[in-house]
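Structural overview
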Amino acid sequence: MKPLACSLVLAGLACAANAETITITQVGLSYSPASVTVSPGDVVRWVHTGGFHDVVHGRGCFEESSDGGILAGHPFFDLPLTGSNPVAEWTVPDAANGRIPYFCSVGQHCEAGMVGELRVVPRAGSNVVVIEQQGLDYIPLNAVASPGDTVVWNWNNGGHSVHTGDVDNCINDDYIALPLDQDDDQVIWQIPEDYPTGTQEYFCIYHCFLQHVGTVEIVNPCGPTDINCDGSVNGADLAVLLAAWGFCSGDCPPDFNGDGLVNGVDLAQLLGTWTS
């Protein structure tokens, strides 16, 4: 399952609700500050002050590998930072590793200490759902979250990944395709606010055939009768129900019992949960 919007996450796009812009300045052979904390949706802006430089995702002065295309999210960025390109920007995607090291690949700049790190953390106020990798298990196997929540996978041992897609055939869809290992010990996914409800399947690309798989059930944070999800069951919800009265197929929120009809049964359920 893929989201209806903000789906170009691996190209660097993300939902930008409450996003901030974090500025990092190139000063000689350094990035200042060298380490910053960011959240999905934030814009990281590197500003050039002199010389010829770049900003490359990687560690040990080597660009992060996509592992032959398996890790479709890597490298996250490889951006020039020069007099002709004085500002480099990158938007933290909905799904990212918890630590994103980077360096300048020009000459011996990295060896001279021109390195930095982005620390990705859940956005303030977001409900956090934690999944632990233990051996060939994700614990819990079936997590539950809602749009706006943040899912955090924690690495504990071995070399693994988080890939969304078809778990029966171990085919990833590249929505999330990130390592989960000693170097990249967290995967953080902020579920977009408009992400559809349903089951999001995922697996370890290296051990899927050994059933190293899991699911995140995306549920509406509101009760079913709070149709417009404003925290109350009231006249606004009643109006939506009455407008849908009769046969109602497909995605039909007022059909609470899923019988293809919006009728007195659904009305009674709504009135039974009336709050204001």
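Everything below is about the structure shown above.
Remember, it's a predicted structure, so these values are computed and weren't measured experimentally. (Residues numbered from 1 in each chain as written. Predicted model: local features only at pLDDT ≥ 70, side-chain atom pairs only at ≥ 80, totals over all residues. Heavy atoms only, no water.)

This part covers the overall build of the protein. What the protein contains, in helices and strands, is two helices and 22 strands. Its C-alpha atoms give the protein principal-axis dimensions of about 75 × 45 × 25 Å. Considering the protein as a whole, with its 276 residues, one finds that 45% of them fall into the buried category. Here the protein has roughly 12300 Å² of accessible surface; of this, 55% comes from carbon and sulfur atoms. (Helix = DSSP H or I, 4+ residues; strand = E, 2+ residues; numbered from the N terminus. Buried < 20%, exposed > 50% of the residue type's maximum accessible area, 1.4 Å probe, protein only. Areas by Shrake-Rupley, 256 points an atom, 1.4 Å probe, with all protein chains shown as cover.)

Turning next to the sheet that holds strand β9 (residues 95-97). As summarised here, the arrangement of the five strands in space is β9-β18-β15-β12-β13, forming an open sheet in which the pairing is mixed. Each having just a single partner strand, β9 and β13 (137-139) make up the two edges of the open sheet. Going from strand to strand, the sheet's axes swing by 20° on average, the running direction of each strand aside. By the bridge criterion, three bridges tie strand β12 (residues 128-134) to β13 in an arrangement that is antiparallel. What sits directly across from Q134, in β13, is D137. (Pairing = 2+ DSSP bridges. Axes fitted to C-alpha atoms, helices over the stretch in contact; angles between N-to-C directions.)

In this section: the packing of helix α1 (residues 235-243) against helix α2 (residues 264-272). Packing of α1 against α2 leaves a shortest axis separation of 11 Å and a crossing angle of 175°. In terms of orientation, α1 lies roughly antiparallel with respect to α2. When α1 is examined against α2, the residues D237, L238 and L241 are found in contact with a partner set consisting of D266, L267 and L270. (Parallel < 35°, antiparallel > 145°, perpendicular 65-115°, else oblique. Contact = heavy atoms within 4.5 Å.)

Before going further, it helps to examine the packing of aromatic side chains. What the rule picks out here adds up to 12 aromatic pairs. For the ring pair Y31 and Y102, a centre distance of 4.9 Å and an interplane angle of 65° mean the geometry is edge-to-face. Separated by 71 residues along the polypeptide, Y31 in strand β2 (residues 31-32) and Y102 in strand β10 (residues 99-103) bring together distant segments of the chain. By relative accessible area, Y102 is classed as buried at 1%. With centroids separated by 5.3 Å and ring planes inclined at 75°, the aromatic side chains of W189 and Y195 adopt a geometry described as edge-to-face. Relative accessible area serves as the criterion here: at 3%, Y195 is assigned to the buried category. Linked through ring pairs, Y31, W46, F76, F77, W90 and Y102 together constitute an aromatic cluster. (Phe/Tyr/Trp six-rings, centres within 6.5 Å; stacked < 30°, edge-to-face > 60°.)

When its volume is computed, the largest pocket comes out at roughly 420 Å³. Classifying every residue of the lining of the largest pocket by side-chain character gives 10 nonpolar, four polar and four charged. (1 Å grid on protein atoms, 1.4 Å probe; cavity = no way out; pocket = protein on both sides within 12 Å on 5 of 7 lines; lining within 4 Å. Points joined across faces, edges and corners; volume = space filled by probe spheres on them. Nonpolar A, V, L, I, M, F, W, Y, C, P; charged D, E, K, R; others polar.)

On the surface, L136, F209 and L210 cluster together into a nonpolar patch covering about 310 Å² of accessible area. Tracing the backbone through its elements, the reader meets L136 in the loop between β12 and β13. (Patch = residues over 30% accessible without salt bridge, like charges linked within 9 Å, V, L, I, M, F, W, Y side chains within 5 Å. Salt bridge = Lys/Arg side-chain N within 4 Å of Asp/Glu carboxyl O.)

What follows covers the pairing of strand β8 (residues 87-91). Residues A88 and W90 of β8 are buried on one face, while the alternating residues V87, E89 and T91, pointing to the opposite face, are not. Both strand β4 (residues 43-47) and β8 contribute to a ladder of five bridges, which runs antiparallel. Each bridged residue has a counterpart across the sheet, and for V47 the counterpart in β8 is V87.

Residues V129, I131 and Q133 point to one face of β12 and are all buried, whereas V128, V130, E132 and Q134, pointing to the other face, are not buried. In this sheet, strand β15 (residues 150-154) lies alongside β12 in parallel orientation, the contact comprising five bridges. Following the sheet pairing, V129 is matched in β15 by V151. In this structure, the hairpin formed by β12 and β13 is closed by a connection of two residues, where G135 is found at a positive phi of approximately 60°.

For the structure shown, the criterion picks out four disulfides. At a sulfur-sulfur separation of 1.8 Å, the disulfide partner of C222 is C229. Negative torsions about the S-S bond denote left-handed disulfides, and the value of about 65° found for C222 with C229 makes this one right-handed. In this structure C222 comes out as buried when scored by relative accessible area, which is 17%. Of all cysteine sulfurs, the one in C110 lies closest to C104, which takes part in no disulfide; the gap is 8.1 Å. (Disulfide = S-S within 2.5 Å.)

The next point concerns the sheet that holds strand β1 (residues 21-26). With mixed pairing, the four strands of this open sheet are ordered in space as β2-β1-β4-β8. Of all strands in the sheet, those bounded by a partner on one side alone are β2 and β8.

Bear in mind that shape data such as this cannot, by itself, settle questions of function.
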